[in-house]
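# Topology and contacts: notes
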Amino acid sequence: MLNKKKAAGRRQRVTGRGMSSFPQPASCLFIVSAPSGTGKTTLCRKAVDYFPDLMHSISYTTRPPRKGEKDGIDYHFISKKVFQRMIDREEFLEWAEVHGNSYGTALKDTQCLIDKGLDIILDIDVQGAKKIKQQIALHNMPFPVYIFILPPSLKVSEERIRSRGGDSPKAISERLENARAEIRDAVYYDYLIINDGLEDAFERLKSIITAEKSRSERMMEKVKAVYKEII
Ligand code: ADP
Ligand code: 5GP
């Protein structure tokens, strides 16, 4: 068993968090990654519906919409030219090439939510998650909480991608091939959830969000009133 000092040191190495980041803005930034077909879009949507202060930052992508997907709701669907212009103007907090398409998170969207004191959930791939770690200091953002969602097996992922519909056979095999590399990076995340049953996975996601919201370094603004009474 680790003593408290060692445990704190280990935590700092893995996640980069700890008392050195004290105090934190009240807003929380949740980064959720998973191989395709795991259910992260489904889980993130449930979380946004459940927590009134939690917002999803809608990404920009050059991928064409799947059947049923709506511009401005699922993604901002944009051309390669417009995406490149956003890169040139440094409008992205992060962006990456994933499964042959470009995806990015707009800096202004996340900053606007943080300015309003809201919590943010970003559904982004592992490359984007790494880039955000480098960006937070530059943009005065809250230290992210990294959550990785795993499928019970790759076979189940494949079944879920097929049942969702909308991906070509080539896109499905590319996504399954990429899943192996993505799962290797799961160990660098703060939390792992296996999405075997949706309700159980959602309970775990809810617990993580609630616990992270209650961390003392994030509660400072809220406890000020109580402190004033005792000082
Ligand atoms: P991702 O965003 O990770 O690619 P989605 O959220 O789009 O995955 O989910 C892929 C498909 O799997 C959807 O049809 C969704 O309804 C379904 N799904 C998600 N979680 C589960 C689960 N625990 N059990 C069965 N089907 C699920
Ligand atoms: P899909 O095409 O299935 O919607 O998403 C494919 C992958 O792109 C998923 O891993 C998803 O998390 C990731 N993704 C979606 N939006 C962004 C984004 O803004 N940035 C990055 N880096 N990845 C994203």
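First things first, this report covers the structure right here in the doc. Model, not experiment: these values are computed from the prediction. (Residues numbered from 1 in each chain as written. Chains lettered and ligands numbered in written order. Predicted model: local features only at pLDDT ≥ 70, side-chain atom pairs only at ≥ 80, totals over all residues. Heavy atoms only, no water.)

Turning next to unusual backbone geometry. Both trends apply: most residues other than glycine have a negative phi, and most peptide bonds are in trans. Positive phi is not limited to glycine here, since glutamate 90 has a value of about 55°. Residue position: glutamate 90 is located in the loop between helix H3 (80-88) and strand E5 (92-98). The backbone phi angle of histidine 99 is positive, close to 50°, even though this residue is not glycine. Mapped onto the fold, histidine 99 is located in the loop between E5 and strand E6 (101-106). (Helix = DSSP H or I, 4+ residues; strand = E, 2+ residues; numbered from the N terminus.)

Taken together, four strands build an open sheet; the order of strands is E4-E3-E6-E5 and the sheet is mixed. Each end of this open sheet is capped by a strand with a single partner; those strands are strand E4 (76-77) and E5. When strand E3 (residues 60-61) meets E6, the two strands line up antiparallel, connected through two bridges. Bridge assignment links tyrosine 60 to a residue of E6, and that residue is glycine 104. Contacts from helix H4 (residues 107-115) reach E3, E4, E5 and E6 within the one sheet, and its direction differs from that of E6 by about 30°. (Pairing = 2+ DSSP bridges. Contact = heavy atoms within 4.5 Å. Axes fitted to C-alpha atoms, helices over the stretch in contact; angles between N-to-C directions.)

Positionally, phenylalanine 51 belongs in the loop between helix H2 (40-50) and strand E2 (54-56). With 155 residues separating them in the primary sequence, phenylalanine 51 and lysine 206 have C-alpha atoms 8.7 Å apart. Phenylalanine 51 has contacts with Lys206, Ile209 and Thr210, leaving out every residue within four places of it along the chain.

With respect to spatial proximity, 17 residues lie near ligand 2, and among them Ser59, Arg63, Tyr75, Glu94 and Tyr103 are the closest. Within the contact set of ligand 2, an oxygen atom lies 2.5 Å away from a side-chain nitrogen or oxygen of tyrosine 103. Here an oxygen atom of ligand 2 and a side-chain polar atom of aspartate 123 are 2.7 Å apart. When isolated, ligand 2 has an accessible area of 510 Å², and the protein chains bury 97% of it. (Near = heavy atom within 4 Å. Polar contact = N/O pair within 3.5 Å; in protein donor to acceptor, adjacent residues only side chain to side chain. Areas by Shrake-Rupley, 256 points an atom, 1.4 Å probe, with all protein chains shown as cover.)

Another point: the pairing of strand E8 (residues 145-150). Judged by how many residues are buried, E8 sits mostly within the fold: six of six residues are covered. Side-chain alternation along E8 places Val145, Ile147 and Ile149 on one buried face and Tyr146, Phe148 and Leu150 on a second face that is also buried. Pairing between strand E1 (residues 29-33) and E8: four bridges, direction parallel. Considered in E8, the bridge of serine 33 is made with phenylalanine 148. (Buried < 20%, exposed > 50% of the residue type's maximum accessible area, 1.4 Å probe, protein only.)

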